[in-house]
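Working through the structure, step by step
Residue-level listing of the chains:
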Amino acid sequence: MGAADGPLTDLDRTPPSTDPHLWADYIELLCLVNADRVVSAYDVKDRIRERRDVGEAQVEPEDIEGASESEKDDQRTLRVDDWFRHLKFRAGTFGDAYPFEVLPDGETLIAKDSLTGVHRIYVLLLLASALRYVVPRHKVADCFESLSERALRRMMPVGAEVHRFQRGTRYTGGLFERIKRLAADLGERVTAVQRDYAPQNVGDDGLDLVGWVPIGDQLAGRLIFFAQCACTDSWVKKQFSSSAENWQNRMTFQARPRNLCFIPFSFRGTDGAWHRQSDIADTVLMDRLRLLLLLDGADGLEGCEEIVDQVLQQQEGLT
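To start, this report covers the structure provided alongside it. Worth saying up front: this structure is predicted, and the values here are computed from it rather than measured. (Residues numbered from 1 in each chain as written. Predicted model: local features only at pLDDT ≥ 70, side-chain atom pairs only at ≥ 80, totals over all residues. Heavy atoms only, no water.)

So, about the state of the cysteines. Taken as a whole and assessed by the stated rule, the structure comprises 1 disulfide. Residue Cys143 pairs covalently with Cys304 via a disulfide, S to S 2.0 Å. Across the S-S bond of Cys143 and Cys304 the torsion is about -110°, and the bridge reads as left-handed. With a gap of 161 residues between them, Cys143 in helix H5 (residues 137–155) and Cys304 in the loop between helix H9 (288–294) and helix H10 (305–313) connect regions that are remote in the sequence. Overall, Cys143 belongs to the buried group, its relative accessible area being 1%. With no disulfide of its own, Cys229 lies closest to Cys231 among cysteine sulfurs, the gap being 7.7 Å. For Cys231, a relative accessible area of 9% translates into the label buried. (Disulfide = S-S within 2.5 Å. Helix = DSSP H or I, 4+ residues; strand = E, 2+ residues; numbered from the N terminus. Buried < 20%, exposed > 50% of the residue type's maximum accessible area, 1.4 Å probe, protein only.)

Right under this line is the structure:
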C-alpha cells in the first residue's frame, strides 16, 4: 500500500519488536483501515505467517527458534492472545474514549461506527505512536506536540504560563535568542555562550514545552516544568533532554524544573502498571491514558482534523 492510498502506508510491515503495546497499536491501525473495520486474532496470525515467509525475522520470537512448526504455531497463538488481552484491557480502561470494541469472544476487534471528538484524539495519538507507518510524519509529530501543550495547560493552575519552545509564538528566532528569552521569563541568568550557537540554529536542544507558575515578582525560584514530546521508542533516551541536568549548562536554576516526558504510547501492561517501569527515569511520564484523562473532545484537534479524517476514510482490503 503506497502513500497515495492515505496517510497510513506499508502496513504489511509488522512492528519491529514483540512488545505487546506496540502490537496492540498495530492491530488497531489495521482495524481502522481494513475495509470492514474488523480484525481477528486469526487475521493477525495469518499476517505473521506471511511476513515469516518473506523473511521478516522480527515476527519470529527468539524464544521459539529451533522449535517444531506446530510448537511455533502454538507460541504464536499465545502471543497473539496476549496482544488481544491488551486490547481488552484498553477497552475497559479507556472506556468511552476508546474508538474500538473487543467482541465477547476476546479475539475480534471492531472499530466503532461513529467517532466522537475524544475518539478522534485517540486516533491521532495512535498515529503518533506509529510514525513508521505515517505520511507525513512531521505533521503528526507537530499535532502531538500541540496536544501535549494543551494537556500540560490542563495540569497547571489558572494563570500559569505554558508555551512551546520551538514552534510557539513567545519564543521565536534562533536557539540562543530563545534561550535568553526563556531565562529572562524565569528570572534566571544565561550561562550559555553565544558563539556556541550558529545564527541558523533553530533547534530546541531537547526542550519542547515549558511552563511555570507566576508568583507575582520577577525573581528566580518558582515552580517550573520542562517537557519533551517524543513519538518514537527513543523516548527512553530523549526523556533526559529536557531535564535540569541537561539544561544547567545553558542557564542557572534557583529552583530546578520538574521534568516531564509526553509519549503517545499506551505504555501499560494488562494489569494497568507501567510496561517497563525501569525505563522511566526521574521523569513524570505522560502516556496515552494520562493524556486522554486530561483531554476531552472539547479540546478539538485544532488544525489536525484533516489527517484524522483521511485515515478514517482510508479503506484497504488488508485481511
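After that view of the structure, there is still more to cover.
With that settled, consider the side chain of His21. Counting through the fold element by element, His21 comes out in helix H1 (residues 20–33). Beyond its immediate chain neighbours, meaning those up to four positions away, His21 contacts His86, Arg90, Phe265, Ser266, Phe267 and His275. (Contact = heavy atoms within 4.5 Å.)

With that settled, consider the side chain of Arg37. Tracing the backbone through its elements, the reader meets Arg37 in the loop between H1 and strand S1 (38–40). Here Arg37 occupies a buried position and makes no salt bridge, while the nearest side chain of opposite charge, Asp113, is found at 7.6 Å. Among the polar contacts made by the side chain of Arg37, one reaches the main-chain carbonyl oxygen of Leu32 at a distance of 2.8 Å. (Lys, Arg positive; Asp, Glu negative; His and termini not counted. Salt bridge = Lys/Arg side-chain N within 4 Å of Asp/Glu carboxyl O. Polar contact = N/O pair within 3.5 Å; in protein donor to acceptor, adjacent residues only side chain to side chain.)

A word on helix H4 (residues 117–128). Taking 1.5 Å per residue as the helical rise, H4 with its 12 residues ought to reach 16 Å, and the 17 Å between its terminal C-alpha atoms agrees with that figure. Burial runs high along H4: 11 of the 12 residues are buried. Packing partners of the buried residues in H4 comprise H1, helix H3 (69–94), strand S2 (100–102), H5, H9 and H10. (Expected span 1.5 Å × (residues − 1).)

Looking at the element boundaries, Ala111 is found in strand S3 (residues 108–111). Residue class for Ala111 comes out buried when judged on its relative accessible area of 11%. Taking the C-alpha atoms as reference, Ala111 lies 6.3 Å from Cys31; in sequence the two are 80 residues apart. Apart from residues no more than four positions distant in its own chain, Ala111 is found in contact with Cys31, Arg37, Pro99 and Phe100.

The step from Val135 to Pro136 runs through a cis peptide bond, and the omega angle for that step is 0°. By the secondary structure assignment, Pro136 is in the loop between H4 and H5. Of note, Arg37 is a non-glycine position whose phi angle comes to about 60°, a positive value. Using a relative accessible area of 17% as the deciding quantity, one classes Arg37 as buried.

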